[in-house]
There are 2 protein chains.
Amino acid sequence: MAEAPVQALTVGILKETASEERRVAVVPAAVESLRELGPAVLVETGAGAGAHYSDDDYVSAGAEVVSASELHERADVLLSVTRPSSEILRRLRSDQTVVGMLQPLNDPLLIRDLADLGVTAVSLDGVPRTLSRAQPMDALSSQANVAGYKAVIVAAAAYDRYLPLLMTAAGVARPAEILVLGAGVAGLQAIATANRLGAVVTGYDVRHEAREEIRSLGAEVLELPEVESAGAGGGYARALTDAERRFQLGALSDQVHRFDIVIATAQVPGGRPPLLLEEDAIARLRPGAVVVDLAAGPYGGNVALSRSDDTVVTDRGVTVIGAGNLPATVPRAASEAYSRNVRTLLFHMFSEGRPVIDLDDEIQAGVVITHGGRVVHHAAAAAVEAVTTAGGVEPHESGTPY
Amino acid sequence: MAEAPVQALTVGILKETASEERRVAVVPAAVESLRELGPAVLVETGAGAGAHYSDDDYVSAGAEVVSASELHERADVLLSVTRPSSEILRRLRSDQTVVGMLQPLNDPLLIRDLADLGVTAVSLDGVPRTLSRAQPMDALSSQANVAGYKAVIVAAAAYDRYLPLLMTAAGVARPAEILVLGAGVAGLQAIATANRLGAVVTGYDVRHEAREEIRSLGAEVLELPEVESAGAGGGYARALTDAERRFQLGALSDQVHRFDIVIATAQVPGGRPPLLLEEDAIARLRPGAVVVDLAAGPYGGNVALSRSDDTVVTDRGVTVIGAGNLPATVPRAASEAYSRNVRTLLFHMFSEGRPVIDLDDEIQAGVVITHGGRVVHHAAAAAVEAVTTAGGVEPHESGTPY
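Residues numbered from 1 in each chain as written. Chains lettered and ligands numbered in written order. Predicted model: local features only at pLDDT ≥ 70, side-chain atom pairs only at ≥ 80, totals over all residues. Heavy atoms only, no water.

A. Spotlight on the overall build of chain A. In terms of regular secondary structure, chain A is built from 13 helices and 19 strands. Taking 2.2 N^0.38 as the reference for a compact globule, 402 residues should give roughly 21 Å; the C-alpha atoms of chain A span a radius of gyration of 22 Å, in line with that estimate. Along the first, second and third principal axes, the C-alpha atoms of chain A reach 70 × 55 × 40 Å. Within chain A, residue pairs in contact and separated by at least 24 positions form 63% of the contacts whose partners lie at least 6 positions apart. Accessible surface for chain A amounts to roughly 16000 Å². Of this, 51% is attributable to carbon and sulfur atoms. (Helix = DSSP H or I, 4+ residues; strand = E, 2+ residues; numbered from the N terminus. Rg over C-alpha atoms; globule rule 2.2 N^0.38 Å. Contact = heavy atoms within 4.5 Å. Areas by Shrake-Rupley, 256 points an atom, 1.4 Å probe, with all protein chains shown as cover.)

In structure tokens:
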């Protein structure tokens, strides 16, 4: 250990404020390694409760449990899973750093305010997803993995038959046919989990390069021959043309009726999720079929009818489950993985007790949103520019636009 | 086909009346084979709705959809899953047969009334469970199989971590440790399903002969060496002595804390389920642990704190799920299997359009409860005798004792 002033970083673990959010940024088992950054690791009272970690668990791990206001005052680095409330963020100081999945593109005015306050804002959802050395920091992937797993459990719980083929004295039950739309991290984990449970699984992705990954998990590939491969690097798809989109919607609608369960996982970074199943496709599903939409959220979803965190049953008996925040429902697994992501990023970015900002570093260029009074992240800066010139909304004049 | 009068049996499929009951005694796919018993298969309007079968599905299968009152009037044999309401049963005639899982020992006075009415009551829960030729009729087994499968899904949905071991860029998640109490049909299916999902599974049964079955599914056996084997034939355990029971409760309490999930499946035919986990055992489970009690019902359960069809979370964060009727939550799988059970039994018992009662037949001795004005089933007759001599309650004088 070096001398005290060099290692004086005080890390604070915030209690999440979003409703139904049960994760915590750092689990007790990860506290000890964070103490290498500085002697004090603060935890807000009750921060772990949703994931079944008590304040005592944190104390035993060497953390100091404090009130929210004490944490906001004392912490040099504030850690969260989801974006803290704008009230918390707007009270931060220029010597403070906030680290979390901040979704900066969803609230550019708040990002501008953080820059004005001189806060260093670090967003884990900006970790470059195909950079090998960044993978241990990739919170979107670790959380997508949880979501893909839980999607199958949620589907199985809602489904009216078995997932596996079962042979009993009362006859043979055929296995469920499951279609997974989107073969990113969540989709591939959904395929793997459905396979474990004995379902017959088919995967679809607009990126043809995903086909081998689908097959390597033992699943069939749904091929829509007239859709050209739409890989765009970073594990994401490019936006389809209107003609491609219409073709895809029609082709999926023609195919989907033979599946018992559909799990939709397609995301566009910083944008609206693509619509993959229209109402007429859902109307073709058999009564009892189950659709789980991992993309369901305030900005839409992959599935018409799906509603954020809600379940809709159609007149025909098709269950459409909006499941945009499944990681929060497996809070220990999600928090354990997130802890490792955030810890790895902190060790990458902090040296001798302070952030060492280097925007030539590919990882930092992705995650550092504001620093030194400026919005330094390219896409975030563009979003702030777009909002302030287009709308001209002055947040401090306009009540509560957030 | 023989001439019409010989084959004139009219079969009626009742709509279930219990709350939350989504099963149906006969699925559309099984209607055609029932028509070999007689030209008319009646279905009560909406009978299949809970399992996502429409009236049209039944019509397409060759059934006639009728009102409840028409079905009660016209059917020679009324089929149900659970016991029909006492109102329905008390309107039956001496030329009618009712077939279902009637749980005759739970309401002896109702059974006596059915005998007085001359009704033939056939209960599928009386099928001899170890008789090889009876296995295709064994509804308790077919439904227990559904319950064991769904218990794992329910546990996985409530659990705060993954079931499988998962290795990702964010580290290794250890697999869940699952203990299954009772290795009958439900317990063995729970073991198999938990294994599929990648959990580390341990099974326990007081019948030492169950150990090989547990091991054959790849699970560990929890041995409590001082409990002698308590196999009693029929796949059930004998009642333990008080000393054995106390020892078992203490020994399980000492072992249970190392498991993440406990699934309890122990049943006693016609009796209260044995208590296996007392409150102090649940208090020893770690926060976030999940207990699923398949025996939870109006007569108790395997687990202190469990409540019929309800979920309790303790102060320490242990989730105790009362799950006494899981088959109703997988209604197609359960109804398909039950259809085969009931059809096989009907073909065994009916010949040329009428029931051929032969109480020397081991199957019939198990399932025929009342016939020809008498309670002919031994255990049911004893229960009726006990209630009428002990309590002296005259049901027709006493309002609504049921």
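That was the structure; now back to the text.
B. Up close: a nonpolar patch on the surface. The grouping of Leu165, Met167 and Val172 of chain A at the surface amounts to a nonpolar patch, some 310 Å² of accessible area in total. Judged by relative accessible area, which is 39%, Leu165 of chain A ranks as partly exposed. (Patch = residues over 30% accessible without salt bridge, like charges linked within 9 Å, V, L, I, M, F, W, Y side chains within 5 Å. Salt bridge = Lys/Arg side-chain N within 4 Å of Asp/Glu carboxyl O. Buried < 20%, exposed > 50% of the residue type's maximum accessible area, 1.4 Å probe, protein only.)

C. Structural view of the domain arrangement of chain A. Residues and elements named next belong to chain A. By domain assignment, chain A separates into domain 1 (11-137 + 331-390) and domain 2 (145-329). Each of domain 1 and domain 2 has a C-alpha centre, and the two are 32 Å apart. Of the roughly 820 Å² buried where domain 1 meets domain 2, counting both sides, 52% is carbon and sulfur surface. Among the residues domain 1 hides against domain 2, the three largest losses belong to Arg23, Asn106 and Arg129. Together they make up 44% of the total. Connecting domain 1 to domain 2 are 0 salt bridges. The interface formed by domain 1 and domain 2 includes 2 residue pairs in polar contact (both at pLDDT 80 or more). (Domains from an automatic or database assignment. Buried area = accessible area lost by both parts, 1.4 Å probe. Polar contact = N/O pair within 3.5 Å; in protein donor to acceptor, adjacent residues only side chain to side chain.)

D. The arrangement of the packing of aromatic side chains in detail. For the structure on display, the rule yields 4 aromatic pairs over all chains. Aromatic side chains Tyr149 of chain A and Tyr162 of chain B sit 5.1 Å apart centroid to centroid with 80° between the ring planes, which places their arrangement in the edge-to-face category. Here Tyr149 of chain A is found in helix α6 (residues 139-158), whereas its partner Tyr162 of chain B is found in the loop between α6 (139-158) and β7 (166-168) on a different chain. Across the pair, Tyr162 of chain B and Tyr149 of chain A agree in class, each one buried. Measuring from ring centre to ring centre gives 6.4 Å for Tyr53 of chain B and Tyr58 of chain B, while their planes differ by 75°; the resulting arrangement is edge-to-face. According to the relative accessible area criterion, Tyr58 of chain B is buried, its value standing at 0%. (Phe/Tyr/Trp six-rings, centres within 6.5 Å; stacked < 30°, edge-to-face > 60°.)

E. Representation of the sheet that holds strand β10 (residues 200-204) of chain B within the structure. Residues and elements named next belong to chain B. Taken in spatial order, the 7 strands make up an open sheet running β11-β10-β9-β12-β13-β15-β14, and their pairing is mixed. Of all the strands in the sheet, just β11 (220-221) and β14 (311-313) have a single pairing partner and so form its edges. Relative to strand β13 (residues 290-293), α6 is tilted by about 150°, and along the sheet it contacts β12 (261-264), β13 and β15 (319-322). (Pairing = 2+ DSSP bridges. Axes fitted to C-alpha atoms, helices over the stretch in contact; angles between N-to-C directions.)

F. Summary view of the relation of the copies chain A and chain B. Overlaying chain A on chain B yields an RMSD of 0.0 Å, the required transformation being a rotation through 180° with an accompanying axial translation of 0.0 Å. One copy is carried onto the other by what is essentially a two-fold rotation axis. Interface overlap between copies: 100% of the residues of chain A at the interface are likewise at the interface in chain B, consistent with a symmetric, same-surface contact. (Least-squares fit on C-alpha atoms with pLDDT ≥ 70 in both.)

G. A look at the sheet that holds strand β18 (residues 368-371) of chain A. Residues and elements named next belong to chain A. Taken together, the 8 strands give an open sheet; going across it, the order is β3-β2-β1-β4-β5-β6-β18-β19, and neighbouring strands pair in mixed fashion. At either end of the open sheet lies a strand with only one pairing partner, and these are β3 (64-66) and β19 (374-375). The pairing of strand β4 (residues 77-82) with strand β5 (residues 97-101) spans 4 bridges and is classified as parallel. Bridging across to β5, Leu78 finds its partner in Val98.

H. Quick peek at the interface of chain A and chain B. Facing 43 residues of chain A, the contacting portion of chain B comprises 43 residues. Between chain A and chain B, roughly 3400 Å² of surface is buried when both sides are summed, and carbon and sulfur atoms account for 57% of that area. Area buried by chain A at its contact with chain B is led by Tyr149, Tyr162 and Arg196 of chain A, which between them contribute 19% of it. Counting across the chain A and chain B interface gives 4 salt bridges.

I. Summary view of helix α7 (residues 185-196) of chain A. Here α7 of chain A spans 17 Å end to end across 12 residues, near enough to the 16 Å set by a 1.5 Å rise per residue. Of the positions making up α7 of chain A, those classed as buried are Ala186, Gly187, Leu188, Gln189, Ala190, Ile191, Thr193 and Ala194 of chain A. In this structure, the buried side of α7 of chain A is in contact with α6, β9 (177-181), β10 (200-204), α8 (211-216) and β12 (261-264) of chain A together with β7 of chain B. Once α7 of chain A finishes, Gly198 of chain A follows within two positions and takes phi at roughly 90°, a positive value. (Expected span 1.5 Å × (residues − 1).)

J. Structural view of the packing of α6 of chain B against helix α7 (residues 185-196) of chain B. Residues and elements named next belong to chain B. Between α6 and α7, the least distance of the axes is 7 Å, while the angle of their chain directions is 35°. Viewed along their axes, α6 and α7 form a crossing whose handedness is right-handed. Taking contact as the criterion, the partners of Ser141, Ala144, Asn145, Gly148, Tyr149 and Val152 in α6 are, on α7, Val185, Ala186, Gln189, Ala190, Thr193 and Ala194. (Left-handed = near helix turned anticlockwise from the far one by under 90°.)

K. Quick peek at the pattern of salt bridges. Under the defined criterion, the tally for this structure stands at 44 salt bridges over all chains. Linking Asp260 of chain A and Arg174 of chain A is a salt bridge whose minimum nitrogen-to-oxygen distance equals 3.0 Å. Taken as a pair, Asp260 of chain A in the loop between α9 (242-255) and β12 and Arg174 of chain A in the loop between β8 (171-173) and β9 lie far apart in primary sequence, 86 residues in all. On the accessibility criterion, Asp260 of chain A (4% relative accessible area) is buried. Looking at Arg174 of chain A, the relative accessible area reads 37%, which means it is partly exposed. Connected through salt bridges with shared partners, the residues Asp160, Arg174, Asp260 and Arg286 of chain A together with Arg332 of chain B form a single ionic network.

L. Spatial organisation of the side chain of Glu244 of chain A. All names here are of chain A. Position of Glu244 relative to the elements: it lies in helix α9. Glu244 gets classed as buried once you look at its relative accessible area, which sits at 13%. Excluding anything up to four places from it in sequence, Glu244 contacts Glu228 and Arg238.

M. Up close: the packing of α6 of chain B against helix α11 (residues 331-349) of chain B. Residue and element names in this part refer to chain B. Orientation of α6 relative to α11, taken along the N-to-C sense of each, is 165°, at an axis distance of 9 Å. Considering their axes alone, α6 and α11 lie roughly antiparallel with respect to each other. Pair α6 / α11 crosses with right-handed handedness. Each of Ala139, Ser142, Gln143 and Val146 in α6 lies in contact with α11, whose residues at this interface are Ala333, Ala334, Ala337, Tyr338 and Asn341. Class assignment of the residues belonging to the contact of α6 with α11 gives a composition of 6 nonpolar, 3 polar and no charged. (Parallel < 35°, antiparallel > 145°, perpendicular 65-115°, else oblique. Nonpolar A, V, L, I, M, F, W, Y, C, P; charged D, E, K, R; others polar.)

N. Up close: the confidence of the model for chain A. Residues and elements named next belong to chain A. Within chain A, residue pLDDT values average 91, and 94% of them lie at 70 or more. Here residues 1-6 is a poorly scored stretch, pLDDT under 50, and it has 4 contacts once near neighbours within four places are set aside; other chains count. The model gives residues 392-402 a pLDDT under 50, and that stretch makes 17 contacts with residues more than four places away or in other chains. Of the two predicted TM-score estimates for the complex, the pTM is 0.93 and the ipTM is 0.93. (pLDDT = per-residue confidence, 0-100.)

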